[in-house]
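Okay, here's what each chain looks like letter by letter:
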Amino acid sequence: MRITDTTVALVTGGASGLGGATVRRLVADGAKAVVLDLPSSPGEAFAAELGDAVRFVPTDVRDQTQVQAAVDAARELGELRIAVNCAGVATPGRVIGRGGPLALDTFRTVVEINLIGTFNVLRLAANAMLANEPVDGDRGVVVMTASIAAYDGQVGQAAYAASKGGIVGLTLSAARDLADKAIRVVTVAPGTFETPMMAGLPGETKAILEKQVPHPSRLGSPPEYAALVRHIVDNPMLNGEVIRLDGALRMPPR
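Residues numbered from 1 in each chain as written. Predicted model: local features only at pLDDT ≥ 70, side-chain atom pairs only at ≥ 80, totals over all residues. Heavy atoms only, no water.

Draft legend 1. Focus on the packing of helix 1 (residues 17-28) against helix 2 (residues 43-50). Relative to each other, helix 1 and helix 2 sit at 20 degrees, their axes nearing to 11 Å. Classed by the angle they form, the pair helix 1 and helix 2 counts as roughly parallel. Helix 1 and helix 2 meet at a crossing whose hand is right-handed. In this structure, helix 1 contributes Gly20, Val23 and Arg24 to the contact, and helix 2 contributes Phe46, Glu49 and Leu50. Grouping the amino acids of the contact of helix 1 with helix 2 by side-chain chemistry returns 3 nonpolar, 1 polar and 2 charged. (Axes fitted to C-alpha atoms, helices over the stretch in contact; angles between N-to-C directions. Helix = DSSP H or I, 4+ residues; strand = E, 2+ residues; numbered from the N terminus. Parallel < 35°, antiparallel > 145°, perpendicular 65-115°, else oblique. Left-handed = near helix turned anticlockwise from the far one by under 90°. Contact = heavy atoms within 4.5 Å. Nonpolar A, V, L, I, M, F, W, Y, C, P; charged D, E, K, R; others polar.)

Draft legend 2. Layout of the pairing of strand 8 (residues 183-190). Of all 8 residues in strand 8, 8 are buried; the element is thus mostly enclosed. Alternating positions in strand 8 separate into two faces, Ile183, Val185, Thr187 and Ala189 on one and Arg184, Val186, Val188 and Pro190 on the other, with burial throughout. As judged from the 6 bridges shared by strand 7 (residues 140-145) and strand 8, these two strands associate in the parallel manner. In the sheet register, Thr145 faces strand 8, and the bridge partner there is Val188. (Buried < 20%, exposed > 50% of the residue type's maximum accessible area, 1.4 Å probe, protein only. Pairing = 2+ DSSP bridges.)

Draft legend 3. Spotlight on the pattern of salt bridges. Counted by the stated rule, this structure contains 17 salt bridges. Asp136 is the partner of Arg2 in a salt bridge, and the nearest nitrogen-oxygen pair spans 3.1 Å. Of this pair, Arg2 sits in the segment before strand 1 (7-12) while Asp136 is found in the loop between helix 4 (104-129) and strand 7, placing the two residues 134 residues apart along the sequence. Residue Arg2 is classed as partly exposed on the basis of its relative accessible area, which comes to 48%. Here Asp136 falls in the partly exposed class, since its relative accessible area comes to 42%. Note that Arg230 is salt-bridged to Asp29, the shortest N-O span being 2.6 Å. Note that Arg230 is positioned in helix 8 (residues 222-234) and Asp29 in the loop between helix 1 and strand 2 (32-37), a separation of 201 residues in sequence. Residue classification places Arg230 among the buried residues on the basis of a relative accessible area of 15%. Where salt bridges share partners, they join Arg25, Asp29, Arg230 and Asp234 into one cluster. (Salt bridge = Lys/Arg side-chain N within 4 Å of Asp/Glu carboxyl O.)

Dropping the structure here:
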């Protein structure tokens, strides 16, 4: 699907990391963008930096009223044709830890943000895309973000792996649901990337993670994720698929 001067992208977690890189790439390629992120994020300054083509809407992806407001803001800018879900958390915790069973609220919060939040954006963005006339056969494209943890969940990743596994399972069903509406759904499952979630790791831990990646033996960069998103938008045969973006990494148990 071509990006035109009326194309608008809605990007969750869009103020930094994978989402921020995606916003930069799509705007550089001619799209407008609505950045969804928490009020505590640098979203306002980020949008101001990129100019009039970008609008920041403080949003908790779990809240349908807030997400709908962001969708409405996107439609005010032009035609909402791209939605990219990057918002997520990776709260760790073993099923049974030193303090006993993993708190149910911890598990629930991770699933609500990562999986339910993703579905909330998917359904509301897709509904708005129905108003579009097809371009190159598509009314819109929704990109979701899983993780290789969906397949290679490590010790302490029960909530995170379950939430990302849910996104993997959602992909084909959603693509089939929306196929007759000319809306594609594709998921990216990144490996270890240089994101704000990784920023607090000590240097030696980062070095160990880099060595685990067969080739290239380093962490992925957010622009590499953004480049794949752009290719997904461009390639009409990519639909209902989960694409691992991980340098052939298969994570060990711990």
